[in-house]
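The chain contents come next:
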Amino acid sequence: MSADENKVVVYSTNSCPWCVKAKEYLTSLNVPFLPVDVGADKEAAREVVEKTRQRGVPVVKVGERYIVGFDQDAIKSALKENNLI
């Protein structure tokens, strides 16, 4: 499944502890997501910077909304808005 087809995408790197927390949080809510390693996928990294104007990770995309950093309240709100929880 591509990032365009998936409702929830987590853009992260292998060395990011907050990325792990974001993925664990989504898993705890039983929300399927597509993990994208922007350290290995330079095209995905470029797209995220283009969309968010930020270089930090994690970036959680829910529907059309990009959430930079592990902001549990913003993620939960976006999931509810998209009827995913």
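See above for the structure.
Rules used in this analysis
Residue numbers run consecutively from 1 along every chain, following the written order of its sequence. Restriction of local features to residues with pLDDT of at least 70 applies here, the model being predicted, together with a cutoff of 80 or more for giving and counting side-chain atom pairs; totals for whole chains, interfaces and linings are based on all residues. The side-chain numbers reported here are obtained from all heavy atoms of the structure, hydrogens and water having been left aside. Classification of residues uses two cut-offs on accessible area relative to the type maximum, computed with a 1.4 Å probe and protein chains only: under 20% is buried, over 50% is exposed, and between them is partly exposed. Helix numbers and strand numbers start at the N terminus; a helix is a DSSP run of H or I with at least 4 residues, a strand a run of E with at least 2. Two strands make a pair as long as DSSP finds a minimum of two bridges between them. Note on contacts: a residue pair qualifies if any of its non-hydrogen atoms lie within 4.5 Å across the two residues.

Novice: I keep staring at the pairing of strand E3 (residues 59-62) and nothing clicks. Help me out?
Specialist: Successive side chains on a regular strand alternate, one facing one side of the sheet and the next facing the other. Burial along E3 is two-sided: the residues Val59 and Lys61 and Val60 and Val62 are all buried. Bridge count between E3 and strand E4 (residues 65-68): four bridges; the pairing is antiparallel. When the sheet's bridge partners are listed, lysine 61 is paired in E4 with tyrosine 66. A loop of two residues connects E3 with E4, the two strands running antiparallel in sequence, and glycine 63 in this loop sits at a positive phi of about 60 degrees.

Novice: I would appreciate a short explanation of the environment of isoleucine 85 in the present structure.
Specialist: Summarising the element assignment, isoleucine 85 is placed in the segment after helix H3 (72-81). Taking relative accessible area as the criterion, isoleucine 85 reaches 40% and is therefore assigned partly exposed. For the pair isoleucine 85 and leucine 29, spaced 56 residues apart in sequence, the C-alpha to C-alpha distance is 7.5 Å. Sequence-distant contacts of isoleucine 85, that is, excluding residues within four places in its chain, are made with Leu29, Val31, Lys76, Leu79 and Lys80.

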